[in-house]
Amino acid sequence: MMLRPLSLALLLGVAACKPATDPKLACTQDAEDSTPTPAGAKAFVQKANEELKRLWTESSTAEWIKNNFITDDTERNAASANERLLAYQSEAAKRATAFKGLPLDAETARMLYLLRIASPVLPDPEKRLEMTTLAAGLEGHYGKGKDPKGRDLEVLSNIVRTSRSYDELLDAWVSWHDTSKSQRAAYQRFVELQNEGARGAGFTNMGDMWRAGYDMTPEAFEAETDRLWQEVKPLYDALHCYVRGRLQQHYGKDKIPDGKPIPAHLLGNMWAQEWGNVYGLVEPYPGVAKLDVTAALVAQAWDAKKMVKTGEAFFTSLGMAPLPPTFWERSLFTKPADREVVCHASAWDVTYSNDLRIKMCIQPREEDLVTVHHELGHNYYYQAYYKLPVLFQAGAHDGFHEAIGDALALSMTPRYLTQLGLAPELPADPKVVINVQMKDALVRVAFLPFGKLIDQWRWDVFSGKTAPGDYQKAWWALRQKYQGVASAVPRGEDAFDPGAKYHVPANVPYTRYFLARILQFQFYKSLCEKAGHKGPLHECSFYGSKEAGAALQKMLAMGASQPWPDALEALTGTRAMSGSALLEYFAPLRAWLAEQNAGQQCGW
Ligand code: X8Z
Ligand code: ZN
């Protein structure tokens, strides 16, 4: 995850000049505001960039410390830094509107636009502090969450990942989901304050404000995500049908009946968002190829640093610069034994000046190797644009940021893994192709509906369509509708299951990951073309291609300086997001699934 600028900006906004309560600076700014001119606008955004860099740095420094050392003190410290930022920001967003309608140069106009859409406005200092304190507390609670037996998310997730016992899985799943019960009231209040800030900024509610960040109207954006989901849904439905059938063979039809949703605790992931860990139960052709990268990492005792170095080597193979020495000094790679940290992986540029870091609790596992590439994708985006004014130091949209490392990870083909010594030479056999594609699909295709539904839930919560008393009902209705999963045990309104997923308490918008799952295939396909790949898309690795690297770097260096269709066009030649590259990649599996599912009762 990247904490800045978008996610934190949406919580706290960005700032441009001191609040009117600071008489000195308020006067300077008032003089500018009284005669809004194009030159005044240019001066305003220039000053805003300077002030923002300072305030964002203060905020992300406090956030970095809090994330690496969760205590009451570090939470209070972060809340207070973020309150200062929000104060500044609330004022700046209001002032930015004064320049509306003036004949401005494109750069200034875009910066003012970015200021206006990223800025909740809360003039009341008490409410600002209440909101930032709730935010710090919600994330902190998640980070240090433990069940009554003292088991944390890492321990409980490892059970969900590896156990094949229905009851043991259910116990771990319920234990984690119960850790968020106590946060329901705090979240409800947080939503009220977020909405107040969104209304202050001229939006109907915070969901509307989130959807405004894509260079189109919120309505058009919602229609766009629906269109993309409809494109890929048939592939998801086919995968669901096949996986349910295979899980029935292990757990029995009494536990997983025909035509019903799959119990959410049986898919190898706490949130059933990616299903790669049940590959062993659903492997299409057992015995034709050993695809166990995790076993190889463990057997060869890969440590966290080696995994990160391997990720960096992919980027440098494309001609990109090595990570700065401070990255290796300041990052957190493994879970410390002596303090509470937020283990959820994230990537940072703490001072907006190539001060790159990741924070992760890496274990020798295939999914962590992929996440390392994901996080480094954020870092290489930061590295490409850190010399731009801070208002442009962001992805073309937030889905772009999430897609970069994943596009590289798509190039981790069996052949590439063999080169790393993590997989044996695989025979040229169509059965091997299906096995490899199944493994991929369990991660990348299974994720799609989850990526969409999280914000579907939050948009409805922010708009009031879902009343506070219906949080659970709405959550499980969406999980069933989109994913075809259900809780195996009743989860009443005393629980708060959305709060058991990091991005809800951390207030990180989630549609970005849905978009990224689509975009990463578009990026990958274009990078493969630049690398001169011929043949089926799924066989491409652009590792080592300087041509691919140069094209990628060009798009990354644009940051948020242009509307996202321009950035997409720069890399792919098209201005529209599309699921077609994803479908092309999975064409062999799709045909195979159609055969397997013939005559089955699919759906739920
Ligand atoms: O949160 C993340 C990254 C950090 S941006 C580890 N991801 C989502 C998640 O874990 O839910 C990556 C995939 C989806
Ligand atoms: Zn990310």
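See the structure printed just above.
Anyway, here's the lowdown on the structure attached to this text.

Rules behind the numbers
Residues numbered from 1 in each chain as written. Chains lettered and ligands numbered in written order. Predicted model: local features only at pLDDT ≥ 70, side-chain atom pairs only at ≥ 80, totals over all residues. Heavy atoms only, no water. Disulfide = S-S within 2.5 Å. Helix = DSSP H or I, 4+ residues; strand = E, 2+ residues; numbered from the N terminus. Donors = N, O, S within 2.8 Å, 3.2 Å for Na, K, Ca; no water. Tetrahedral: all angles 85-135°; square planar, octahedral: opposite > 155°, others 65-115°. Axes fitted to C-alpha atoms, helices over the stretch in contact; angles between N-to-C directions. Parallel < 35°, antiparallel > 145°, perpendicular 65-115°, else oblique. Left-handed = near helix turned anticlockwise from the far one by under 90°. Contact = heavy atoms within 4.5 Å. Nonpolar A, V, L, I, M, F, W, Y, C, P; charged D, E, K, R; others polar. Salt bridge = Lys/Arg side-chain N within 4 Å of Asp/Glu carboxyl O. Buried < 20%, exposed > 50% of the residue type's maximum accessible area, 1.4 Å probe, protein only.

Examining the state of the cysteines
Following the criterion strictly, the structure yields 3 disulfides and no others. Disulfide pairing places cysteine 343 opposite cysteine 361 at an S-S distance of 2.0 Å. Taking the sign of the S-S torsion, about -80° here, the bridge from cysteine 343 to cysteine 361 comes out left-handed. Remark: cysteine 361 occurs in the loop between β3 (356–359) and α16 (366–385) and cysteine 343 occurs in the loop between α15 (325–330) and β2 (346–349); sequence separation between them is 18 residues.

Looking at the coordination of the zinc ion (ligand 2)
Think of it this way: four donors in a tetrahedron around the metal ideally sit 109.5 degrees apart, and six in an octahedron ideally sit 90 or 180 degrees apart. Taken together, the protein donors to the zinc ion (ligand 2) comprise His374 (NE2), His378 (NE2) and Glu402 (OE), at separations of 2.0 to 2.1 Å. One can describe the site at the zinc ion (ligand 2) as tetrahedral: its 4 donor atoms subtend angles covering 90 to 130° at the metal. Spacing between the donor residues of the zinc ion (ligand 2) along the chain follows H-x3-H-x23-E. Placement of the pair is histidine 374 in helix α16 and glutamate 402 in helix α17 (residues 398–409), with a sequence separation of 28 residues.

A closer look at the packing of helix α22 (residues 511–530) against helix α23 (residues 546–557)
Contact geometry of α22 with α23 gives a least axis separation of 7 Å together with a crossing angle of 135°. Taken together, the axes of α22 and α23 lie oblique to each other. Judged by the sense of rotation from one axis to the other, the crossing of α22 with α23 is right-handed. Judged by residue contacts, Phe523, Leu527 and Lys530 of α22 engage Glu547, Ala548, Ala551, Leu552 and Met555 from α23. Here the residues of the contact of α22 with α23 are counted per class, giving 6 nonpolar, no polar and 2 charged.

Examining the pattern of salt bridges
Any two side chains of opposite charge can pair, so long as their charged atoms come close to each other. Per the counting criterion, the structure on display carries 48 salt bridges. Here glutamate 58 makes a salt bridge to arginine 54, at a shortest N to O gap of 3.5 Å. Taken together, the residues glutamate 58 and arginine 54, both in helix α3 (residues 38–68) and 4 residues apart, mark about one turn of the helix. Glutamate 58 sits in the partly exposed class, given a relative accessible area of 31%. Close ionic contact of arginine 184 with glutamate 493 constitutes a salt bridge, the shortest N to O distance being 2.9 Å. Here arginine 184 is found in helix α9 (residues 184–200), whereas its partner glutamate 493 is found in the loop between β4 (485–486) and α22, with 309 residues between them in sequence. Exposure remark for arginine 184: the relative accessible area of 11% places this residue in the buried category. Judged by its relative accessible area of 31%, glutamate 493 is partly exposed. The network of salt bridges with common partners includes Lys47, Glu51, Arg54, Glu58 and Arg84.

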